[in-house]
Amino acid sequence: MFNKQLLPAILILCVTTAGAQDILTNVMGRKITSLNGKWHYIVDQYETGFYDYRFKERNPSDPEAYWNNPVQKDRSDRKEHGYNDKYSIKVPGDWNSQDAKFVYYEGTLWYQRTFDYQKQQKDNHLFIYFGAVNYKADVYLNGKKLGAHKGGFTPFQFEIPDSILQPKANFLVVKADNKRYADEVPTLNTDWWNYGGITRDVLLVEEPPVFIKAYTIQLHPPAAGEAFDANNMIIEGSVQLSQSTTQKVTVTIPEIQWHYDAVPDGNTVHFSFPVKNLQLWSPEKPKLYAVTVATGTEQIKDNIGFRTIQVIGQKIVLNGKPVFLRGISIHEEMAPEIRRAVNSADAKKLLGWAKELHCNMLRLAHYPHNEYMTRMADSLGLLVWSEIPVYWTIQFSNPEVLVKAKQQLADMIARDKNRASIIIWSVGNETPLSEPRLKFMSDLAQTAKRTDSTRLISAALEVHYNKDMNTIDDQLGNYTDIVAVNEYLGWYGGLPDNCRTAQWKTVFNKPLFFSETGAGAKGGFHADSLTRFSEEYQAWYFKETIAMMKRMPSNYTGLSPWLLVDFRSPRRNNPVYQEGWNRKGLIDQSGKKKKAFYVLRDYYEAMEKKAF
Ligand code: GCB
């Protein structure tokens, strides 16, 4: 029988990802053609290119729709839009950083470029892939709509049908709209700047008639509570094809002579095979193996690390050994350029700073970062907490919002499930206590666990502050593997010496992690340590916080202070010290390290030497 209750959820799923298909695993390892570079743009605050003067969506063939190529037939022909080199913008990249007139812009920008493309084989599939567009993207090719997608930090792709593709001068248009809405994820209110545009790579991906859609390759995780056994390691996973076939699927790891092949039963193969002499991935030795996944007509190369992660009692256990997380939180923003991070060089710079701090862990806040970041974390040996932007006051009672959050969760996991560095999926940050919120958040936590049982699930929980005892009893902690909280004693509550008397307790027998702690300082502003926004105040804050951390209960397993680099935030309007910046970075917006950087570095260096 048709279930009417399901209807809103189904409809919303269609709007959120209309035309989009399951994400292709490891897009960079495929046959790709970059569409990055200079594109044309039109700023369209009133969405004139989308709606007519009665505010109705324009007909597909309307010559005034901005997805259509405005060719002036003769000199008397009226054309009120057009694309021109004078209005060019870099892709990938947020628009806000590319021209002073965009610094505060939120709304619609139309992007346009042309490309030539001839498929190598007639019956191959061709996809257009976007690393991310913030927030809503409507994509058109040669006047035809390929699809729409919502969600500013996850990839999506559309297939380009033969009926639309031309060998020359394909007219590609993307409407990118980053307006904020109460019922989106994130919602209206965040403590970061809402950078708009095509912020990540755009690629054409050509695939054979039967192609590899997705694959998972990992070390078989120990059963709950069971110790990891290095003498009994199994590599397992699956390869999912676009359709059933008689072609053989092979997975090989030449360095250890590991080879698997099988003809799929249906469109998926599952494998599980013992392995010997495997060097495990760890922060100390981030060993990655060259892995090839192939069919008779396709070969995809990847670099994959193998490790296990578990919670045993109160400890986080990596490859059978307890690990203390020396973390740092990071926004996907670059200093000194003040823009979204977009490539491998950006990732190297940000993660290089984390290495200088002696970190072994990153909290990639508060949304999934680009794939260069997680791949760089794999190569540099940094454990990762990756998160969806379920932040603060999401509409917890709205089932459509839950569908959107779940979509982003699924996409985050689908893109990065083969990254050894990622040990934690976080389902949200500082969400205010209520019944609907607990229902919403526990559903997300359970969904994350069901989707990927090999990693730990977390969220930044709420704390009950009290001068005698700060208690972590947020019931969401029943659903997470780690009890994580953000704490700001000495910044939002009194002065840093408040830390001296603070006591902490959790009602959960689980690892306790401080997913944030921090204080604001304007780089280069020096005063005594009681002066707010001075580097000295921030350094004092970190000294007191670290002393407090050393007195934590035995389930204390690490921290990821807030944060590596200052970032733009419209909520931070002290006209002398902030000017639109959240100043809690250990590095300022010009890339200069503040005093507190060295305080944290010394703590981490000492913890690194100490056996945990
Ligand atoms: C928090 C939030 C983070 C903010 C930070 C702050 O607890 O999770 O997004 O930026 O505090 O600076 O207040």
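Keep in mind the model is a prediction, meaning the values are calculated, not measured. (Residues numbered from 1 in each chain as written. Predicted model: local features only at pLDDT ≥ 70, side-chain atom pairs only at ≥ 80, totals over all residues. Heavy atoms only, no water.)

A.B. asks: Go over unusual backbone geometry, please, and point to the residues and values.
C.D. replies: Here the amide bond leading from valine 91 into proline 92 is cis, since omega sits at 0°, within 30 degrees of zero. Tracing the sequence through the fold places proline 92 in the loop between strand S3 (88-91) and strand S4 (108-115). At glutamate 579, a position not held by glycine, the phi torsion is positive, near 50°. Looking at the secondary structure, you find glutamate 579 in the loop between strand S35 (567-568) and strand S36 (581-582). (Helix = DSSP H or I, 4+ residues; strand = E, 2+ residues; numbered from the N terminus.)

A.B. asks: Outline the site of the ligand, supporting the account with residue identities and numerical values.
C.D. replies: Near the ligand you find 14 residues, and of these Asp191, Tyr391, Glu430, Tyr492 and Glu516 are the closest. In this structure, tyrosine 391 approaches the ligand through a side-chain N or O atom, which is 2.6 Å from an oxygen atom. Protein chains bury 97% of the 320 Å² of accessible surface belonging to the ligand in isolation. Grouping the amino acids of the shell around the ligand by side-chain chemistry returns five nonpolar, four polar and five charged. (Near = heavy atom within 4 Å. Polar contact = N/O pair within 3.5 Å; in protein donor to acceptor, adjacent residues only side chain to side chain. Areas by Shrake-Rupley, 256 points an atom, 1.4 Å probe, with all protein chains shown as cover. Nonpolar A, V, L, I, M, F, W, Y, C, P; charged D, E, K, R; others polar.)

A.B. asks: Describe helix H5 (residues 435-451), with residues and values.
C.D. replies: Given a rise of 1.5 Å per residue, 17 residues ought to cover 24 Å, and the 24 Å separating the end C-alpha atoms of H5 matches this to within 8%. Three or more residues of H5 are buried, namely Arg437, Leu438, Phe440, Met441, Ser442, Leu444, Ala445, Thr447 and Ala448. Elements in contact with the buried residues of H5: helix H4 (399-416), strand S28 (422-429) and strand S29 (456-461). The opening residue of H5, the one whose side-chain oxygen lies 3.1 Å from the backbone nitrogen of arginine 437, is serine 434. (Expected span 1.5 Å × (residues − 1). Buried < 20%, exposed > 50% of the residue type's maximum accessible area, 1.4 Å probe, protein only. Contact = heavy atoms within 4.5 Å.)

A.B. asks: Account for the sheet that holds strand S12 (residues 202-207), naming residues and giving values.
C.D. replies: Reading across from one edge, S1-S12-S5-S9 is the order of the four strands in this open sheet, with antiparallel pairing throughout. Edge positions in the sheet fall to strand S1 (31-34) and strand S9 (156-159), since each of these pairs with one other strand and no more. Between one strand axis and the next, the sheet turns through 25° on average, direction left out of account. Relative to S12, strand S5 (residues 125-130) is paired through six bridges, and the arrangement is antiparallel. Its bridge partner lying in S12, isoleucine 128 is registered against leucine 204. (Pairing = 2+ DSSP bridges. Axes fitted to C-alpha atoms, helices over the stretch in contact; angles between N-to-C directions.)

A.B. asks: Explain the sheet that holds strand S19 (residues 299-304) to me, using residue names and the numbers behind them.
C.D. replies: Strand order in the open sheet made by the four strands is S16-S15-S18-S19, with antiparallel pairing throughout. Unpaired on one side and paired on the other, strand S16 (258-262) and S19 mark the two borders of the sheet. Strand-to-strand twist across the sheet, computed as the mean angle between neighbouring axes with direction ignored, equals 15°. With six bridges joining them, strand S18 (residues 289-294) and S19 adopt antiparallel strand pairing. The partner of valine 291 across the bridge, within S19, is aspartate 302.

A.B. asks: Report on the pattern of salt bridges, specifying residues and quantitative values.
C.D. replies: Summed over all chains, the structure comprises 44 salt bridges. Residue aspartate 378 pairs with arginine 419 through a salt bridge whose shortest N-O separation is 2.9 Å. Of the two residues, aspartate 378 is situated in helix H3 (residues 371-380) and arginine 419 in the loop between H4 and S28; the sequence distance between them amounts to 41 residues. Shared partners join several salt bridges into a network, and the residues in it are Asp302, Glu371, Arg375, Asp378 and Arg419. (Salt bridge = Lys/Arg side-chain N within 4 Å of Asp/Glu carboxyl O.)

A.B. asks: How would you summarise the confidence of the model for the chain if you had to cite specific residues and measurements?
C.D. replies: Averaged over all residues, the pLDDT of the chain is 95; the fraction at 70 or higher stands at 96%. Contacts for the low-pLDDT stretch residues 1-15, under 50 throughout, to residues beyond four places or in other chains number 10 contacts. (pLDDT = per-residue confidence, 0-100.)

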